[in-house]
Each structure stands twice: as C-alpha cells, then as structure tokens.
Amino acid sequence: MAIEWDEEKIAGFREKLRQAKALPTLPGIVSKLTQMVEDPSVSADRIGRVIAKDQILAAKLLKLVNSAFYGFPGRISTVSSAVILLGFNVVRSLVLSASIFEAMEKTVVGLWEHSLGCAAIANVIARRLSINDPEEISTAALLHDIGKVVIRENLAEEAAVLDEAILGENISLYEAEQRILKINHTQVGQRLCRHWNLPDRLAEPIAYHHEPKKSANHYVSTAIVHVADVLVRARGFGFGGDKWVPALDHNAWAALTLREEDLPGLIAEAEEVLVELRGFSFEIQTLGEKCPPAIES
Amino acid sequence: MPARHRVLIIGKGDKPGKEQEYLFEAKGYQIISSPTFKKAMDTIFNDPPDLILVMADMQDKVELEMVQAVKGGIYCAHIPFIIALSREAISTGIEWEQYPVDDFISKPIDYTELFARMSLCFERMQRVFDNNPLTRLPGNTSILKTIQAALDAGEEVAIGYVDIDNFKPYNDRYGFSRGDEVIRMVAMLLTNILRETDTRKVFAGHVGGDDFSFMVPSDRATQVCEKIISSFDALVKNLVDKDDLKRNYFVARDRQGNEQHFPLPSLSIAVVSNHNNRFRHYGEVAEAATQIKKHLKSLEGSNYLIDRRKPSD
C-alpha cells in the first residue's frame, strides 16, 4: 500500500499541526489525576508531579503558561513552574477537561513508557553532571517524541503504512517517516514548539535529539536527551516505535564529559528509577482498565 | 470600526437561531459556540472571549467548579459571565454566593434585554476593575480598606509586604518588558499560594512597581512566606538568561552609573502580625513593616521576617 505525499498533502498536515487540537492522554493517568483533584487535601505540587509523567498533559500545561495571554511567551520550561503560575484551579480544570485515548493500543502505552524512561535517565545524567536545572532537561526528554504522538493521532492511515514499512523494509521509524511523509517526528515536534511558544531550552532538544550537532544554543541539554534516548532504547524500556537502537553521536557523548567507567554507576542509578517507573506504569494501566472513560461528553 | 466583542455561548439547548445570530452581528458581537463547558475550557484559557453566555443548566458540579476556576483566577476574572435561567430556577432561588456570575437572564430569552445586559456588563467591568493594569491585582485603596477592616474587626491576621531585590538593575539589564514579567510572576504566585494555603480570608494586592502586600490568618504566615520564597527562587530561573544563570549574577549599572555585579532577583518579605490587637490603624502596620524591611534588605538572597512583638515590647 502506498500513500502519495505531495506538497499539498504536507501543507495540509502542517495546517493541521498549527491548529493541533487537544491530544489525548492515557485513561489511567486521567483517572488517577481525576481522583487526585477531587481530594481537597491534595496539593498542586503533588498533582504537578503526576502531570510531569505524561507528555501530553505536560505539553498542554506548558503551552498554556507560555501563551501570550499569560504574559510569559517562550519563558517557562518546567511543569512545576507552570503549576505554581497557573494555580490549582486552572490546573484542575485542565485535568478535568483532558480528553483520553478512545482505543488503547500497545504502541501508545509503549511510547508513553519510552518518554517517561527517557525523562528519568536524562534527569539522572543531568544530576551527575551537576546541571543547574535538571527538571528542565527531564521535561525536554519527556516531550522529545511528542511528534510521534501527533502523527499517530492525526494521520491514522499513514501511521499504519509507517508500521508496515518498518517491518517490511527493516528500517527505523525515523527513516520511514522521512521517506513516506517527507517530514519526521523531530520536525513535527519543532513546529509544535513554535506554535505553542515553548522556550528554546525545550524546543532544541526536541528538534535535534537525533542530530544533536544542529543544536546552536542548548547543546548540552540536547546531547543529554540524545544520550538518554539511546540508553533507554538500548535498555529496552518502553517502545520507541521500532526495534532499533538509534546510533550514538560520539561528539554528544564526549560533550557530556562522562568517562566509560562512569557508565556502570549511571546505569545502576537509572535502573533503580526504571524499576520504580515500571511499578507506576503498571498502576496506570490497571487504573485505565478499571475505569472506563469517566467524563466524556 | 472598533474590534468586535467576542461572545462565547456555552450549551446546546437554547442556542440562538439564525435570526438571533444576525442580531448579534448587527450589535457588533462575534459568536463562538461550544456545546459543553468541558469543550469550552481550552478556548477560555487559551483565547479568552470578551463575554461568556451560559445557556446550559449548570447542574453538574464540575461545570460550576469550572466557572469558579475562571472567575477565581486573576487572569480571567474580568470576563463577564451571564447565565440564562429558567423561570423555575429563578423562583426556587439561586445560591448566588456559589455562582460567581455577573448577571442572568430568564428563559425564554428576550434578546433586546440580553443586549442591554451585555453592554451593562462591559460598562460595569470598566468601573469595578480599577485594579493594577499589569497584574490585575487590587491597588492601594482596596489594600488599605481590607487591612483596616480586619484591624477594626480585631482579626488575628498577618500582613506581609513583598518586594523584589535587585529589580531596578534587572530592569536595566533585561528591559522593562521583561521586568514586567517578573512582576506578573510575583502577582500570580502570590494569588495562587494564598488561595491554596487557606480557605479563610486571604488577600493579595499590588501596591505599585515591585511592591506587593498580602493578608493571611496569623497561623499561616510562616507557611505562606516559605512557599512564596521557594516558588520565587525556582521560577526566577526561567526569567534569567542562561549565561547569567550560570554565573549566578548579572552586570548592570548602579545608581551612580558604574558597572556592577548584581545577584539574581530575590524577594524580601516583611510581615507584621496583629497579635493581641497590636494595631489600631493601617499606618501603624505600614510603619512597623518598613522597619523590618530595612533589616531584610541588608541580607543576601530571599528572606522573610515575621514580627510578633506585643504592644508592650
């Protein structure tokens, strides 16, 4: 099966991106957060910590706080800052108005786990390197594959063709996107960042996590997200869309000034976090099965 | 021709028909519709309309809470809400303190009356909101009134004065529009933290420039100050350029025009407590706070101090 992607079709998709509607979230996350916001003793901080585990809700919050209306366009780069600025009531309304994935595919859960794992490992690396704001880097890592979610949600037919190409031709998702859609998920992510006024500190790692050398102003953050992406794929945590481990950019690795003997310690630390995340993911999936869409209108 | 007012209509039930839509057009209103509250939230927060007309019966608790969220924040509180009510609902009585709306109209809707009410809403908003145009927080008159009322009632309140250290050099280095961002940030975090800490009487006001004032029950003062400071210190990182953040200082000119290193902006919070009815008059509160502030200003970084002296001290 072939889909012809001409200029017109690409332009149409770009227009769709510009108007990108609310993207769906995992039902389990929505149930958990809905329970939390109903509980008067739960603080905004705690809700923020759960939102920081979901790429879609985190993006939604950052998009809102960086909109011209709130007066900080392109400035706010962490979920915790967004939560403080927007306040409990606004965050609560956003959670209650979140839409959920109607049909839960394995790939959706896999992609969420991949993003979550990447965020955790990026955080471990950033802390090792004593980087000023590790939360900012984990946010960038959490959002790095947002383009993949957008493609799956807006182009269901093409997504099936991409999956076929990956299996049939033994190529990576990135290559398949490039060949079939003529636009890849990093470019989609970059466009979203622009439409949503997200700061460059987030936009560059999202846009260049496959080609860190293109990052002009935030090379270290981009390099960390790149390395975390490779590590989490190599570890086999979650599902990035294909079975391949992306090639490591050696300059990016070198830029992190990590020595090879640092690696075992780093992996051990990351492993601990991943085990915890596995438990969280299990909880979310069980919640998702138990609670059918609670508030759909 | 002035920009048209955008009116968001929520609810499918008694949506205006084609004929009424022309009426809206003729009056200079542009209609956006949304079948449910849930669907409308994105529009309200991201691309706020000038007025919201609620046609749906707000039976759902969640819907009511969404209205409260919009009216309770500082950024959307100025959007007028008009709800359409059935005669029956009006006659059974509405608990207005639960409904933070600005006006209502009875169903079936008389559109001539609706338009009159809508223009009245816009006029009233203009009058009511003589708040600070930058932060939309109440200004000096409201601050004075609120604090004096609490003193007169003999309430155990703590009154805090917040100002931003190194604000002037920050403004010089980054430009006033980014200075405004810092001010707006303080306004938002103050409002949110106060409301989240206590459901009793809390208040935040904007004295002017980089000076703010707040009021909170005395037993919450420490908690509020700590939260304000930790939030500010985390947030300010978002508003400082990467290189300055790395150096942990920035270069600007001091009052004499000499280049100097300045630490990143921080907060000083001077708090006085009306313990044992220590104060009679607002002026005494301000004076006591000024003394504490002098001391705080000489310290590095973000600091707060709560003065709990009794009248005899």
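What you are looking at is a predicted structure, and each value in this text was computed from that prediction instead of being measured. Positions within a chain are numbered from 1, following the residues in the order the chain's sequence is written. Chains and ligands are labelled by the order in which they are written, letters from A for the one and numbers from 1 for the other. Note on the predicted model: pLDDT of at least 70 is required for a residue's local features to be given, and 80 or more for side-chain atom pairs to be given and counted; whole-chain, interface and lining totals, by contrast, use all residues. The side-chain figures draw on all heavy atoms in the structure; neither hydrogens nor water molecules are used.

*Asks:* Help me understand the overall build of chain A in this model?
*Replies:* Strands here mean DSSP runs of E at least two residues long; helices mean DSSP runs of H or I at least four residues long; both are numbered from the N terminus. Of the regular secondary structure elements, chain A holds 15 helices and zero strands. Radius of gyration (C-alpha) of chain A: 18 Å, near the 19 Å computed for a compact globule of 297 residues. Taken along the three principal axes of its C-alpha coordinates, chain A extends 50 × 50 × 40 Å. For chain A, with 297 residues in total, the buried portion stands at 58%. Only C-alpha atoms enter the radius of gyration, while the globule expectation follows 2.2 Å times N to the 0.38, with N the number of residues. Each residue gets one of three labels from its accessible area relative to the maximum for its type: buried under 20%, exposed over 50%, partly exposed in between, using a 1.4 Å probe on protein chains only.

*Asks:* Help me out: how do you make sense of the packing of aromatic side chains in this one?
*Replies:* Geometrically, a pair of aromatic rings is defined through the distance of the ring centres and the angle of the planes. Two aromatic rings, drawn from Phe, Tyr or Trp (for Trp, its six-membered ring), form a pair once their centres lie within 6.5 Å of each other, and the interplanar angle then sorts them: stacked below 30 degrees, edge-to-face above 60, tilted otherwise. Tallied over the entire structure, the rule returns 14 aromatic pairs over all chains. Aromatic pair Trp112(A) and Phe280(A): ring centres 6.1 Å apart, planes at 45°, arrangement tilted. Linking Trp112(A) in helix H6 (residues 106–128) with Phe280(A) in helix H15 (residues 263–290), this pair joins segments that are 168 residues apart in sequence. Of the two residues, Trp112(A) and Phe280(A), both sit in the buried class. Geometrically, the ring pair formed by Trp96(B) and Phe104(B) is stacked, given 5.4 Å between the ring centres and 25° between the ring planes. It is Arg117(B) that lies over the ring of Phe104(B); its NZ or CZ is 6.0 Å from the centre. Lysine NZ or arginine CZ positioned within 6 Å of the ring centre and within 35 degrees of the ring normal marks a charge as sitting over the ring.

*Asks:* Looking at this structure, how should I read the pairing of strand S9 (residues 249–253) of chain B?
*Replies:* All names here are of chain B. Every second residue of S9 is oriented toward a common face, the buried set being Phe-250 and Ala-252 and the non-buried set Tyr-249, Val-251 and Arg-253. Where S9 and strand S10 (residues 259–263) come together, five bridges link them in antiparallel fashion. From the neighbouring strand, Phe-250 faces S10, where its bridge partner is Phe-262. At least two DSSP bridges between two strands are needed for those strands to be called paired. Count of turn residues in the S9/S10 antiparallel hairpin: five residues, of which Gly-257 carries a positive phi of about 90°.

*Asks:* Can you help me understand the interface of chain B and chain A in this one?
*Replies:* Think of interface size as the accessible area that goes away when the parts come together; that is how it is often given. Taken residue by residue, the interface counts 34 residues in chain B and 36 residues in chain A. Two parts lose some accessible area (1.4 Å probe) when they are put together, and adding that loss for both gives the buried area. Between chain B and chain A, roughly 3,100 Å² of surface is buried when both sides are summed, and carbon and sulfur atoms account for 54% of that area. Any carboxyl oxygen of Asp or Glu within 4 Å of a side-chain nitrogen of Lys or Arg constitutes a salt bridge here. Scanning the region where chain B abuts chain A turns up three salt bridges. The salt bridge involving Asp45(A) is made with Lys227(B); its shortest N-O contact spans 3.0 Å. Only helix H2 (37–46), helix H3 (61–72), helix H8 (176–197), helix H9 (221–236) and helix H10 (242–247) of chain B provide two or more residues apiece to the side of chain B that touches chain A. We call two residues in contact whenever any of their non-hydrogen atoms come within 4.5 Å of each other.

*Asks:* Looking at this structure, how should I read the environment of Ile109(B)?
*Replies:* All names here are of chain B. Positionally, Ile-109 belongs in the loop between strand S5 (103–106) and helix H5 (111–128). In this structure Ile-109 comes out as buried when scored by relative accessible area, which is 17%. As for Ile-109 and Met-55, which are separated by 54 residues in sequence, their C-alpha atoms are 9.8 Å apart.

*Asks:* Sorry, what's going on with the sheet that holds S5(B) here?
*Replies:* By way of backbone hydrogen bonds, the strands of a sheet pair with one another, either parallel or antiparallel. Residues and elements named next belong to chain B. Strand order in this open sheet of five strands is S2-S1-S3-S4-S5, and the pairing throughout is parallel. Either end of the sheet is taken by a strand with one partner, and the two such strands are strand S2 (29–34) and S5. Sheet twist, expressed as the mean angle between neighbouring strand axes with direction ignored, is 25°. Relative to the sheet, helix H1 (residues 18–26) contacts strand S1 (5–10), S2 and strand S3 (51–54), its axis offset from that of S2 by approximately 135°. Only the contacting stretch of a helix is used when fitting its axis, a line to C-alpha atoms as for every element, and angles between N-to-C directions run 0 to 180 degrees.

*Asks:* Just checking my understanding: could you explain the side chain of Glu181(B) for this structure?
*Replies:* Of note, Glu181(B) is situated in helix H8. The residues contacting Glu181(B), other than those within four sequence positions of it, are Gly71(A), Phe72(A), Arg75(A) and Leu239(B).

*Asks:* Would you mind showing me how to read helix H11 (residues 282–297) of chain B here?
*Replies:* Quick reminder: α-helices carry 3.6 residues per turn. Residues three or four places apart thus point the same way. Residue and element names in this part refer to chain B. An ideal rise of 1.5 Å per residue puts 22 Å on 16 residues; H11 measures up with 22 Å between its terminal C-alpha atoms. Within H11, burial applies to Tyr-282, Val-285, Ala-288, Ala-289, Ile-292, Lys-293 and Leu-296. The buried residues of H11 occupy one face: seen down the axis, they fall within an arc of 145°. Turned more than 90 degrees away from the buried face of H11 sit Glu-287 and Lys-294, all of them exposed. Lining the buried residues of H11 we find helix H6 (140–152), strand S6 (157–165), strand S8 (211–217), strand S11 (266–273) and strand S12 (303–307). The length a helix should cover is 1.5 Å for every residue beyond the first. The arc in question is the one traced by the directions running from the helix axis out to the C-beta atoms.

*Asks:* Teacher, can you tell me more about helix H3 (residues 44–51) of chain A here?
*Replies:* Turning to H3(A), its buried residues number three or more, namely Ala44(A), Ile47(A), Gly48(A), Val50(A) and Ile51(A). Down the axis of H3(A), the sector holding all buried residues measures 160°, keeping them to one side.

*Asks:* I keep staring at the confidence of the model for chain B and nothing clicks. Help me out?
*Replies:* Should the pLDDT be low somewhere, the predicted coordinates at that spot are not to be read in detail. A residue's pLDDT is the predictor's confidence in that residue, given on a scale from 0 to 100. Looking at chain B as a whole, its pLDDT mean stands at 87, while 96% of the residues score no less than 70. Reported confidence for the predicted complex is 0.83 by ipTM and 0.83 by pTM.

*Asks:* When you look at the pattern of salt bridges in this model, what are you seeing that I'm missing?
*Replies:* Two side chains carrying opposite charge are able to pair once their charged atoms lie near each other. Following the criterion strictly, the structure yields 32 salt bridges over all chains and no others. The shortest N-O distance in the salt bridge between Glu269(A) and Arg128(A) comes to 3.2 Å. With Glu269(A) in helix H15 and Arg128(A) in helix H6, the pair connects residues that are 141 residues apart, well separated along the chain. Residues Arg4(B) and Glu25(B) are paired through a salt bridge, measuring 3.3 Å at the closest nitrogen-oxygen approach. Of this pair, Arg4(B) sits in the segment before S1 while Glu25(B) sits in helix H1, and the two are 21 residues apart along the sequence. Judged by its relative accessible area of 33%, Arg4(B) falls in the partly exposed class. The partly exposed category is assigned to Glu25(B), whose relative accessible area is 45%. Sharing partners across several salt bridges, the network here consists of Asp163(B), Asp165(B), Asp211(B), Lys293(B) and Lys297(B).

*Asks:* What is the right way to look at the pairing of strand S4 (residues 81–85) of chain B in this model?
*Replies:* Residue and element names in this part refer to chain B. Most of S4 is tucked away, with five of its five residues classed as buried. Where burial is concerned, the two faces of S4 agree: the one with Phe-81, Ile-83 and Leu-85 and the one with Ile-82 and Ala-84 are both buried. Where S3 lies against S4, three bridges are found, and the strand directions are parallel. From the neighbouring strand, Val-54 faces S4, where its bridge partner is Ile-83. Where S4 meets S5, four bridges bridge the pair, whose relative direction is parallel. Among the inter-strand pairings, Ile-82 is bridged to a residue of S5, identified as Asp-103.

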